[in-house]
Amino acid sequence: QVQFVESGGGVVQTGGSLRLSCAASASTFSIDAVGWYRQAPGKQRELVARIRTYGATNYADSVKARFTISRDNAKNTVYLQMNSLKPEDTAVYYCNAEVSDQNGLSYLYWGQGTQVTVSS
């Protein structure tokens, strides 16, 4: 099992900033990557940003240069700094962990989600 503690969502005006936090812990798995996904009403869930254990990152084109994903290994926490927010960033943001077990099998786990609303 993977335990998540997500925080940081809220309401902000266009051009504002928010920082999301995801503390992920796994008792029997190795966490290979942690990512943030989002899902707006009527749309599919999409990757926003992801950071691997060894530090490599990738971002959706729509958030490059505005969002930054980082991690604090001592706190087992991943952060998503979101700047220059736009109304189209409004969505429920989900933390996701890609984990593997001792047999090399991979699994995905999801947090409960946090709402981000950007008002125009």
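The structure under discussion appears in the preceding block.
Residues numbered from 1 in each chain as written. Predicted model: local features only at pLDDT ≥ 70, side-chain atom pairs only at ≥ 80, totals over all residues. Heavy atoms only, no water.

1. Brief notes about the overall build of the protein
Within the protein one finds 0 helices and 11 strands. Each helix (α) and strand (β) of the protein, taken in turn from the N terminus, gives the series β-β-β-β-β-β-β-β-β-β-β. Here the C-alpha atoms of the protein give a radius of gyration of 14 Å, agreeing with the 14 Å that 2.2 N^0.38 yields for 120 residues. Along the three orthogonal principal directions, the C-alpha set of the protein runs to about 50 × 30 × 25 Å. The buried share of the protein, reckoned over its 120 residues, is 42%. Of the contacts formed within the protein by residues at least 6 apart in sequence, a portion of 54% connects residues at least 24 apart. Surface exposure of the protein reaches about 6500 Å², of which carbon and sulfur atoms provide 47%. (Helix = DSSP H or I, 4+ residues; strand = E, 2+ residues; numbered from the N terminus. Rg over C-alpha atoms; globule rule 2.2 N^0.38 Å. Buried < 20%, exposed > 50% of the residue type's maximum accessible area, 1.4 Å probe, protein only. Contact = heavy atoms within 4.5 Å. Areas by Shrake-Rupley, 256 points an atom, 1.4 Å probe, with all protein chains shown as cover.)

2. Structural notes on the sheet that holds strand β3 (residues 18–26)
Taken in spatial order, the 4 strands line up as β1-β3-β8-β7 in an open sheet, and their pairing is antiparallel. The open sheet is flanked by β1 (2–7) and β7 (67–72), the only strands paired with a single partner. Averaged over all pairs of adjacent strands, the angle between strand axes in this sheet comes to 15 degrees, irrespective of strand direction. Pairing of β3 with strand β8 (residues 77–82) involves 6 bridges; the strand directions are antiparallel. Note on β8: the bridge partner recorded for L18 is M82. (Pairing = 2+ DSSP bridges. Axes fitted to C-alpha atoms, helices over the stretch in contact; angles between N-to-C directions.)

3. Observations regarding the pairing of strand β11 (residues 114–119)
Side chains of β11 alternate between two faces, with T114, V116 and V118 buried and Q115, T117 and S119 left unburied. Pairing of strand β2 (residues 10–13) with β11 involves 4 bridges; the strand directions are parallel. When the sheet's bridge partners are listed, V12 is paired in β11 with V118.

4. Quick look at the pairing of β3
Relative to β3, β1 runs antiparallel, the two sharing 6 bridges. The residue of β3 that forms the bridge with Q3 is S25.

5. Brief notes about the environment of A74
Topologically, A74 is positioned in the loop between β7 and β8. When the C-alpha atoms of A74 and L20 are compared, they prove to be 17 Å apart, with 54 residues separating the residues in sequence.

6. Here we look at the state of the cysteines
Under the defined criterion, the tally for this structure stands at 1 disulfide. Between C22 and C95 runs a disulfide, and the two sulfur atoms are separated by 1.9 Å. One disulfide, between C22 and C95, carries an S-S torsion of -80 degrees and so falls in the left-handed class. Of this pair, C22 sits in strand β3 while C95 sits in strand β9 (residues 91–100), and the two are 73 residues apart along the sequence. When its relative accessible area of 0% is taken as the criterion, C95 is described as buried. (Disulfide = S-S within 2.5 Å.)

7. Quick notes on the nonpolar core
Grouped together as the largest cluster of nonpolar side chains are 30 residues, with contacts concentrated most on F4, W36, V48, F67, L80, M82 and Y93. Residue contributions to this core peak at 5 residues, all from β9. The contact partners of F4, leaving out residues within four places of it in the chain, are C22, A23, A24, C95, N96, A97, Y109, W110 and G111. (Core = buried A, V, L, I, M, F, W, Y, C linked by side-chain atoms within 4.5 Å.)

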